[in-house]
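# Working through the structure, step by step
The lines below spell out each chain.
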Amino acid sequence: MLNIAIQKSGRMSQDSIDLLKRCGLRFSSSGRGLIAQSSGFPANIYYLRDDDIPDYVEDGIADVGIVGLNVLLEGQNEVTISKKLGFSRCRLSIAIPREMDYQNIQDLDGKEIATSYPVILKNYLDEQNVSARIHTISGSVEIAPGIGLTDGICDIVSTGSTLLSNGLKEVENILNSEAVMISHNNLDATKQDLLDKLIFRIKSVQKAIKSKYILLNAPNDKLDKIIDLLPGMKSPSILPLAEDGWSSVHSVVHEEDFWEVIDQLKEYGAESLLVVPIEKMIL
Ligand SMILES: Nc1ncnc2c1ncn2[C@@H]1O[C@H](COP(=O)(O)OP(=O)(O)OP(=O)(O)O)[C@@H](O)[C@H]1O
Ligand SMILES: O=P(O)(O)OC[C@H]1O[C@H](OP(=O)(O)OP(=O)(O)O)[C@H](O)[C@@H]1O
Ligand SMILES: [Mg+2]
């Protein structure tokens, strides 16, 4: 059994559950249970506060956990980052009141900064040779300057709307964070094997999310150009249509190139394009 710790409720909770379910784990994700047994993959799911997850994984109580890189680095736990997961993307930034002048980080010298990330902030300030006082608070950090507690803050930013509504501006981005899968440093061979299988499944799911299956009809005299445009996993499948001079082309395109490819295909006379999501990709 692989014991997997995920956030019980909060920003990472649903994406963690969705990822594991797409990897074929079937388990209860509703109700008040703090442990769920999975079928479809030999695992137990532990629902925990996110800050506790690195400790559980370091101690080996959980073998694997899903946590924000920000939480992991703040806790300084000795665990292995097994896989970046690409969700819960955010940044840890220093922000100050909008009206405060700011040229560079030296302007923070002698100032006071509120944060829930004192370890990461201190390392950053030390690296930059800045001596600021760190005031550790556990939440609602953005109100600290407005109520006269500190000069600035260091907290998670995503859309920036919390900063905006508290009259703050972002001046230093000190960490880019995303959800990561962490694992215990000394897993036994059986657990390591299970973790390798799980990571293989995660990679297949991630590739599939980034790709689309595309089907289209193309005039035969444009097939060469279309094949160049749609390399697919190996090469596209080409099937003759009943109508003379036409073929059906099936391939895979990457999400990032998607619209550019579609525009080109239309220029080459492609018709009846169908684009279908891919459930899994095993390469
Ligand atoms: N606005 C945001 N956008 C994207 N990701 C975010 C945002 N805020 C936080 N995160 C990421 O999600 C993680 C969990 O955030 P959340 O606010 O749910 O934590 P929490 O309140 O500490 O939860 P818990 O109750 O488990 O301790 C953060 O550590 C961070 O990695
Ligand atoms: O840039 P934004 O999109 O506004 O997001 C940033 C906010 O999101 C997080 O708080 P959250 O909303 O999770 O509330 P919390 O303070 O209860 O963790 C974080 O602590 C910031 O306050
Ligand atoms: Mg927390």
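In this text the structure is predicted, and so the values were computed from the model without any measurement. (Residues numbered from 1 in each chain as written. Chains lettered and ligands numbered in written order. Predicted model: local features only at pLDDT ≥ 70, side-chain atom pairs only at ≥ 80, totals over all residues.)

### A few points about the overall build of the protein
Selection criterion: Strands are runs of DSSP state E lasting at least two residues, helices are runs of H or I lasting at least four, and both sets are numbered from the N terminus onward. As a reference, a globule follows 2.2 Å times the number of residues to the power 0.38, and the radius of gyration itself is taken over C-alpha atoms. With C-beta atoms placed from the backbone, the exposure class of a residue follows from how many other C-beta atoms lie within 10 Å of its own: 20 or more, buried; 12 or fewer, exposed; in between, partly exposed. Contact definition: two residues whose C-beta atoms, as placed from backbone geometry, lie within 7 Å.
Scanning the protein for helices and strands turns up eight helices and 15 strands. Since a compact globule built from 283 residues should have a radius of gyration of about 19 Å, the 25 Å found for the protein marks it as more spread out than a globular shape. Considered along the principal axes of its C-alpha atoms, the protein spans approximately 80 × 50 × 35 Å. Taking all 283 residues of the protein together, the buried fraction comes to 31%. Expressed as a percentage of contacts within the protein between residues at least 6 apart in sequence, the contacts between residues at least 24 apart total 66%.

### Some details on the site of ligand 2
Put simply, the rule is: In this entry, near means the residue's backbone-placed C-beta atom lies within 6 Å of the molecule or strand. Residues were grouped as follows: Ala, Val, Leu, Ile, Met, Phe, Trp, Tyr, Cys and Pro as nonpolar; Asp, Glu, Lys and Arg as charged; and all remaining residues, including Gly, as polar.
Around ligand 2, the surrounding shell consists of R11, G139, E142, D155, I156, V157, S158, T159, G160, S161 and T162. Those elements giving two or more residues to the shell around ligand 2 turn out to be β9 (152-157) and α5 (161-165). Top element by residues in the shell around ligand 2 is β9. It accounts for three residues. By residue class, the composition of the shell around ligand 2 is two nonpolar, six polar and three charged.

### Here we look at the domain arrangement of the protein
Threshold: Note that domain bounds follow an automatic or database assignment of domains.
Segmentation of the protein into domains returns domain 1 (2-88 + 178-207), domain 2 (90-177) and domain 3 (211-277). For domain 2 and domain 3, the distance between their C-alpha centroids amounts to 50 Å.

### Quick word on the pairing of strand β3 (residues 43-48)
The two faces of the sheet receive side chains in turn, since in a regular strand these alternate between them. So the rule is basically this: Pairing between two strands is assigned when DSSP locates at least 2 bridges connecting them.
As judged from the six bridges shared by strand β1 (residues 2-7) and β3, these two strands associate in the parallel manner. The residue bridging I6 from the neighbouring strand is Y47, located in β3. A loop of four residues connects strand β2 (residues 35-38) with β3, the two strands running antiparallel in sequence, and G40 in this loop sits at a positive phi of about 90 degrees.

### Points about the sheet that holds strand β10 (residues 168-177)
Using the following cut-off: Only the stretch in contact is used when a helix axis is fitted, and all axes are lines through C-alpha atoms; the angle between N-to-C directions ranges over 0 to 180 degrees.
Spatially, β8-β7-β9-β6-β10 is the arrangement adopted by the five strands of the open sheet, whose pairing is mixed. Across the chains shown, the open sheet's two edge strands, defined by having one partner strand only, are β8 (133-136) and β10. The average undirected angle you get between the axes of adjacent strands in this sheet is 25 degrees. Sheet topology places strand β7 (residues 112-115) next to β8; four bridges connect them, and they run parallel.

### Quick word on the environment of E170
Structurally, E170 is set in strand β10. Separated by 112 residues in sequence, E170 and I282 place their C-alpha atoms 42 Å apart.

### Quick word on the site of ligand 1
Near ligand 1 lie 15 residues; those nearest to it are G10, R11, G68, C90 and S158. Grouping the amino acids of the shell around ligand 1 by side-chain chemistry returns four nonpolar, seven polar and four charged. When residues of the shell around ligand 1 are assigned to domains, at least three fall in each of domain 1 (2-88 + 178-207) and domain 2 (90-177).

### Brief notes about the UniProt feature "domain: Histidine biosynthesis HisG C-terminal" (unreviewed entry) in the protein
The following threshold applies: UniProt positions are given in the numbering used here, feature names are shortened, and annotations may be inferred rather than shown by experiment.
The sites that carry the UniProt feature "domain: Histidine biosynthesis HisG C-terminal" (unreviewed entry) are, in the present numbering, residues 208-280. Between the end C-alpha atoms of residues 208-280 there is a gap of 5 Å, over a span that is 26% helix and 40% strand.

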